[in-house]
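Architecture at a glance
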Amino acid sequence: VATTDANNGVIDLGTTTVTGTMDLTSDGSGNVTIDNDTSDIVLIASEIGGTLTLTSGAAAGITDTDTVTVGVNLVATTDANNGVIGLDTTAVTGTVALTTNGSGNATFDNGTLNLDLAASSVGGNLTVTSGATAGITDSGTVTVAGNLVATTDDNDGVIDLGQMAVDGTVALTTNGNGAATIVNDAGLSFAASTVGGALSATATTGDITDSGNLSITGAATFITRDAGSNIVLDSSGNAFSNSVEMRADAGGEAFGNITFVDSAGIDFATSAGSNGDLYINSSTDGTVGGNLSVTATTGNITDTVAVVTTGSSTSSFTTSATNGTIALNTPAALSGAVTLNTTGASGNATIDNGTTALNIAASTIGGNLTVTSGAAAGITDSGTVT
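In this report, the structure presented in the accompanying data block is examined. Remember, predicted model here, so these are calculated numbers, not experimental data.

Re the overall build of the protein chain
Secondary structure summary: the protein chain contains zero helices and 48 strands in total. Its C-alpha atoms give the protein chain principal-axis dimensions of roughly 90 × 35 × 30 Å. Scored against the burial criterion, the 386 residues of the protein chain give a buried share of 49%. In the protein chain, once contacts between residues fewer than 6 apart in sequence are set aside, the share between residues at least 24 apart is 25%. A total accessible area of about 14,000 Å² is found for the protein chain, and carbon and sulfur atoms account for 47% of it.

What about the packing of aromatic side chains?
Applying the stated rule across the entire model yields four aromatic pairs. Aromatic side chains Phe190 and Phe222 sit 6.3 Å apart centroid to centroid with 90° between the ring planes, which places their arrangement in the edge-to-face category. With Phe190 in strand β25 (residues 188-190) and Phe222 in strand β30 (residues 220-224), this residue pair connects regions lying 32 residues apart in the sequence. Across the pair, Phe222 and Phe190 agree in class, each one buried. With a centroid separation of 6.1 Å and an interplanar angle of 85°, the aromatic rings of Phe222 and Phe240 are classed as edge-to-face. Within this pair, whereas Phe222 is found in strand β30, its partner Phe240 is found in strand β32 (residues 239-240), the two being separated by 18 residues in sequence. Among the aromatic residues, those joined into a cluster by ring pairs are Phe190, Phe222, Phe240 and Phe260.

So, the sheet that holds strand β40 (residues 308-309)
The sheet built from three strands is open, its strands ordered β37-β40-β43 with parallel pairing. The strands lining the two open edges of the sheet, one partner per strand, are β37 (287-288) and β43 (333-334).

Details of the pairing of strand β14 (residues 95-99)
For a regular strand, side chains alternate in direction, first toward one face of the sheet and then toward the other. Sheet topology places strand β11 (residues 74-78) next to β14; four bridges connect them, and they run parallel. Bridge pairing links Val75 to Ala97 in β14. Alignment of β14 against strand β16 (residues 115-117), held across two bridges, turns out to be parallel. Across the sheet, Val96 pairs through a bridge with Leu117, a residue of β16.

Observations concerning the pattern of salt bridges
Counted by the stated rule, this structure contains one salt bridge. Arg247 is the partner of Glu245 in a salt bridge, and the nearest nitrogen-oxygen pair spans 2.9 Å. Accessibility expressed as a relative area gives 9% for Glu245, which makes it buried.

Structural notes on the environment of Asp153
Its location among the elements puts Asp153 in the loop between β21 (148-152) and β22 (159-166). Separated by 24 residues in the primary sequence, Asp153 and Thr129 place their C-alpha atoms 7.2 Å from one another. When residues no more than four places from it in sequence are discounted, the contact partners of Asp153 are Thr129, Ser130, Gly131 and Asn175.

Regarding the pairing of β21
Only one face of β21 is buried: it carries Leu148, Ala150 and Thr152, and the other face, with Val149 and Thr151, is open. Here five bridges tie strand β18 (residues 126-130) to β21, and the two strands are oriented parallel to one another. Bridge assignment links Thr127 to a residue of β21, and that residue is Val149. Direction of pairing for β21 relative to strand β23 (residues 169-173): parallel, over a ladder of four bridges. Looking at the pairing, Val149 lines up with Ala171 of β23.

With respect to the environment of Ala106
The residue Ala106 is located in strand β15 (residues 106-109) in this model. Excluding residues within four positions of it along the chain, Ala106 makes contact with Ile85, Leu98, Thr100, Val122, Asn125, Leu126 and Thr127.

Quick look at the side chain of Ser363
Tracing the chain through its elements places Ser363 in the loop between β46 (358-360) and β47 (369-372). Within the local environment of Ser363, its side chain forms a polar contact with the backbone nitrogen of Leu340, the two atoms lying 3.0 Å apart. When sequence neighbours within four positions are dropped, the list of residues in contact with Ser363 reads Val338, Thr339, Leu340, Asn341, Thr384, Val385 and Thr386.

Brief notes about the side chain of Ser193
Among the secondary structure elements, Ser193 is positioned in strand β26 (residues 193-195). Of the polar contacts made by the side chain of Ser193, one reaches the backbone nitrogen of Leu172; its length is 3.0 Å.

Points about the nonpolar core
In terms of nonpolar packing, the biggest core is built from 84 residues, with Phe222, Phe268 and Phe317 touching the most fellow members. Excluding anything up to four places from it in sequence, Phe268 contacts Leu278, Ile280, Leu292, Val294, Ile301, Thr302, Asp303, Thr304, Val305, Val307, Phe317 and Leu328.

Examining unusual backbone geometry
The phi angle at Asn81 is positive, at roughly 60°, despite the residue not being glycine. Inspection of the secondary structure puts Asn81 in the loop between β11 and β12 (85-87). Phi is positive for Asn82, close to 55°, though the residue is something other than glycine. Mapped onto the elements of the fold, Asn82 is located in the loop between β11 and β12. Here Asn82 falls in the partly exposed class, since its relative accessible area comes to 40%.

What counts, and at which threshold
Residues numbered from 1 in each chain as written. Predicted model: local features only at pLDDT ≥ 70, side-chain atom pairs only at ≥ 80, totals over all residues. Heavy atoms only, no water. Helix = DSSP H or I, 4+ residues; strand = E, 2+ residues; numbered from the N terminus. Buried < 20%, exposed > 50% of the residue type's maximum accessible area, 1.4 Å probe, protein only. Contact = heavy atoms within 4.5 Å. Areas by Shrake-Rupley, 256 points an atom, 1.4 Å probe, with all protein chains shown as cover. Phe/Tyr/Trp six-rings, centres within 6.5 Å; stacked < 30°, edge-to-face > 60°. Pairing = 2+ DSSP bridges. Salt bridge = Lys/Arg side-chain N within 4 Å of Asp/Glu carboxyl O. Polar contact = N/O pair within 3.5 Å; in protein donor to acceptor, adjacent residues only side chain to side chain. Core = buried A, V, L, I, M, F, W, Y, C linked by side-chain atoms within 4.5 Å.

Everything listed is a geometric property; what it means functionally is a separate question.
Shown next as structure tokens:
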């Protein structure tokens with residue numbers, strides 16, 4: 001038990017070895033520094049007026065068992081043995097910097113306060129939670145060798161992480177109408193995420209993918225900054241309740257492959273203006289440099305922009321619900337093989353391929369099929385068309 005009770009007194013114990021718990025209290029704006037050498041740090045009820053700096057070299061790392069209040073900033077470090085940080089009842093008014101050694105995980109829940117992550121380096125997974133409206137932000141580069149899980153659990157809290165360097169997956173959950181923004185230094189791989197507001201997701205280099213269902217209530221924007229990058233959002237339970245924009249940098253570059261699955265209808269659009277719009281914002285809007293695959297698990301597939309694939313790139317259009325239709329009536333330019341799949345007697349499919357030859361790959365259409373091409377090579381098939 002260490003206490004300063006007057007004059008903004010500090011606690012600075014850099015060579016202490018405590019095998020039990022720590023109860024720390026500093027007066028006014030007094031800072032507290034503890035380096036527990038090779039032992040773990042277990043904080044019980046504490047109140048620090050200034051900055052709290054903790055270091056542990058033990059595998060059990062740094063944990064809390066009661067409310068710990070920090071008036072300014074928290075710096076928590078494990079420097080050996082893959083030590084972990086597990087602070088679930090600590091309330092920090094200022095910034096939080098977390099560093100773990102090896103593959104050590106870090107967990108931090110800031111209760112009803114907003115969470116501002118300062119420059120941090122986590123060797124394992126990072127799990128952070130805030131119940132404040134201002135939610136979770138970063139004011140320095142946050143490096144995560146494992147996975148990131150960021151959650152706001154009250155007050156329509158937002159997530160705004162613009163300086164991330166996550167090697168693993170990213171799972172974002174916002175409360176109520178909370179929006180989410182994330183910019184990663186490399187590719188961006190989503191685990192299952194639920195965002196009640198708008199989502200903006202940027203891969204600075206590499207692709208954007210998902211390995212779990214994305215449920216996004218507001219408008220969703222996915223940005224790749226490297227030309228030729230892929231966006232593959234193919235989880236079967238994806239549910240986008242508003243518009244979706246896929247943007248190649250500022251809209252002036254080319255995409256690689258695009259795969260998109262949505263729970264509702266899909267309209268290839270000239271902008272991301274309304275529910276169901278899929279806006280492929282590339283050097284030529286609606287153009288995909290690689291393969292294109294879209295699936296509407298309910299509803300229809302339509303267009304208000306010419307859908308274009310180049311070279312030998314393939315395209316695939318699927319409506320999964322009975323009697324869902326495909327109607328690409330704005331003259332398209334699908335250069336490679338085209339696959340069409342619908343079910344039900346009214347599941348019709350229509351494609352006008354403009355002045356480009358049309359090659360129908362193996363397809364199954366539950367209703368009528370209408371195809372048009374103005375090219376000399378006309379219309380061919382490269383698989384059984386049922």
